[in-house]
Amino acid sequence: MKVPFLDLHTHHRAQRAEFSRAFESVVDLGAFAGGKFVEEFERDFALYCHADHAIGVGSGTDALWLALLAFGIGPGDEVITVPNSFIATAEAISFTGAKPVFVDVDPITYNMDPGALESAITERTRAIIPVHLFGQPANMDPILSIARERNLRVIEDAAQAHGAEYDGRRVGSLADAGCFSFYPGKNLGAFGEGGAVVTNDVELRDRIRKLRDHGQSKKYHHGVVGWNSRMDGIQGAVLQIKLRGLDEGNKLRHSHALRYDEAFSGVDGITVPERGSNVGHVYHIYAIQVPQRDEIMRYLNSKEIGCGIHYPVPIHLQEAYRDLGYARGAFPVAERSAERFLSLPMFPELTHSQLDEVIEVVHDGLKSVGD
Ligand SMILES: *Cc1c(COP(=O)(O)O)cnc(C)c1O
């Protein structure tokens, strides 16, 4: 049986009529770039994140970039993040003119290691971007306390963690700003590109609103040099509908993860992902660790089981970042995870028989590379 890595067709099928009606209202009202539907979604999403404000923007990458710009970060500054993220986390830093500085991750959660953070701070450090990798919140309390002591900003990269919780609080509202992506494959996905910054800081909200709209507060009056990163009306309308199903989708992901955990725990050669005790994980990605990962991946592909690697090359070893001068061995935990992680099919609509098939083929694959 073929099992896709991600199945958006099934995800959208049940609500087709609702989406069509939403498109019609966008067309009828002509609210295409920003406007009513985006504003409604911003209100709903802020509420969902237990935060005061959400500002819809063009993508998750833009959300990170505009949040950094709004904090006044630029050339000469350093921003600390992790090397085992999607490249966008570092790109957003680079596009302000600041320098990305990496720290290694914790070997249990693969999120930012607060112990490694202190020693990476210099007099140029202005901000820290922990990433809630795969949907598991980073260990925010120690990160926030280090930041507060030194007057640094903390921006959550919550692009993989819509609805995740840390000590019962939703991500996005834990620090100075939280950045989300609504790329179609994320836990909350638009019908194209989209992103949002979430914050309790009203001044930050106003600065980002200006920056995303050519620096204008009144049409054709530009107080600052901004950019065009408004959210599409269509995306605002679609996201309002899909937000209502997010908790249910996350709950299903969680139960699929438990099923995988049960099937793979204690199996020789497989390490299952661990959850912190104080977190609500939303399993954007379910990644096991296996030796001979590439061979097992080829085996899964030959049996038509979709899988992925998040991420095969850590950011500090990417060609694009050669100038930063990091060598292999700089961040051993992140580097080892890049060699061993294997992401299995994970989406709310996975069926029991699909899960069983994945589990069986992984077991077979492990045996076949062992022989
Ligand atoms: C997806 C993602 C982004 C970028 O979001 P886009 O909407 O694709 O620009 C940033 N950080 C992480 C961790 C992501 O997974």
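Just so it is clear, the structure is predicted and the values come from calculations on it, not from any experiment.

> Summarise the overall build of the chain; cite the residues concerned and give the values.
Along its length, the chain carries 13 helices and 14 strands. In summary, the chain has a C-alpha radius of gyration of 21 Å against a globular reference of 21 Å for 371 residues, a match within 12%. In terms of overall dimensions, the chain has C-alpha extents of about 70 × 55 × 35 Å along its principal axes. Here the chain, with 371 residues, has 55% of them falling under the buried criterion. For the chain, long-range pairs separated by at least 24 residues make up 69% of all intrachain contacts whose partners lie at least 6 apart in sequence. Carbon and sulfur atoms provide 50% of the accessible area of the chain, an area that totals close to 16,200 Å². Charge separation in the chain, taken as the distance between the mean sites of 37 positive and 50 negative side-chain charges, equals 5 Å.

> Any chance you could break down the sheet that holds strand β7 (residues 169–170) for me, citing the residues and the numbers?
Judged by pairing direction, the sheet is antiparallel, and its three strands sit side by side in the order β7-β6-β12 without closing on themselves. The outermost strands of the open sheet, each flanked by one partner alone, are β7 and β12 (279–280). By the bridge criterion, two bridges tie strand β6 (residues 165–166) to β7 in an arrangement that is antiparallel. Within β7, the residue paired with Y166 across the bridge is R169.

> Lay out the side chain of Q235 in plain terms, naming residues and giving numbers.
For Q235, the position within the fold is in helix α9 (residues 233–243). What Q235 contacts, discounting residues up to four positions off in sequence, is A190, F191, G192 and E193.

> Talk me through the packing of helix α4 (residues 60–70) against helix α8 (residues 202–211); I want residue IDs and the actual numbers.
The N-to-C vectors of α4 and α8 enclose an angle of 120°; their axes lie 9 Å apart at closest approach. For the element pair α4 / α8, the angle class is oblique. Viewed along their axes, α4 and α8 form a crossing whose handedness is right-handed. The segment α4 lies against α8, with L66, A67, L69 and A70 engaging L204, R207, I208 and L211. Of the residues belonging to the contact of α4 with α8, the class tally is seven nonpolar, no polar and one charged.

> Now, about the pairing of strand β3 (residues 99–102): what can you tell me, with residues and values included?
Both strand β2 (residues 78–81) and β3 contribute to a ladder of four bridges, which runs parallel. From the neighbouring strand, E78 faces β3, where its bridge partner is K99. In this fold, the crossover linking β2 to β3 by way of helix α5 (residues 88–94) has right-handed handedness.

> Go over the environment of P184 with me, naming the residues and quoting the values.
Assignment of secondary structure puts P184 in the loop between β8 (177–181) and β9 (195–199). P184 gets classed as partly exposed once you look at its relative accessible area, which sits at 23%. The sequence separation of P184 and Q216 amounts to 32 residues, and the corresponding C-alpha distance is 29 Å. Ignoring anything within four residues of it in the chain, the contact list for P184 reads L8, G189, A190 and G192.

What counts and how
- One numbering rule holds for all chains: residues counted from 1, following each sequence as written.
- Where totals are concerned, whole chains, interfaces and linings use all residues; where local detail is concerned, this predicted model gives features only for residues with pLDDT of at least 70, and gives and counts side-chain atom pairs only at 80 or more.
- Excluded from the side-chain calculation are hydrogens and water; included are all heavy atoms of the structure.
- Under the scheme used here, helices are H or I runs from DSSP no shorter than 4 residues and strands are E runs no shorter than 2 residues, and both carry numbers assigned from the N terminus.
- We compute the radius of gyration from the C-alpha atoms alone; for a globule the expected value is 2.2 Å times N to the 0.38, where N is the number of residues.
- We call a residue buried when its accessible area falls under 20% of the maximum for its residue type, exposed when it is over 50%, and partly exposed in between, using a 1.4 Å probe and counting protein chains only.
- Contacts: residue pairs with any heavy atoms within 4.5 Å of one another.
- Here the Shrake-Rupley method, with its probe set to 1.4 Å, supplies the accessible areas, and only the displayed protein chains count as covering residues.
- In this count, Lys and Arg are taken as positive residues and Asp and Glu as negative ones, while His and the chain termini are left out.
- Here the site of a charge means NZ on Lys, CZ on Arg, CG on Asp, or CD on Glu.
- Should DSSP find at least two bridges between two strands, the strands are taken to pair.
- Interaxial angle, 0 to 180 degrees, is taken between N-to-C directions of lines fitted to C-alpha atoms, where a helix line uses only the stretch in contact.
- What sets the label is the angle itself: under 35 degrees gives roughly parallel, over 145 gives roughly antiparallel, 65 to 115 gives roughly perpendicular, and the rest give oblique.
- Handedness of each helix crossing follows the sense of rotation of the near helix against the far helix: counterclockwise by less than a right angle gives left-handed, clockwise gives right-handed.
- Think of it as three bins: nonpolar holds Ala, Val, Leu, Ile, Met, Phe, Trp, Tyr, Cys and Pro, charged holds Asp, Glu, Lys and Arg, and polar takes everything else, Gly as well.
- By convention, orient the strands away from the viewer: a clockwise path from the first strand over the helix to the second makes the crossover right-handed.

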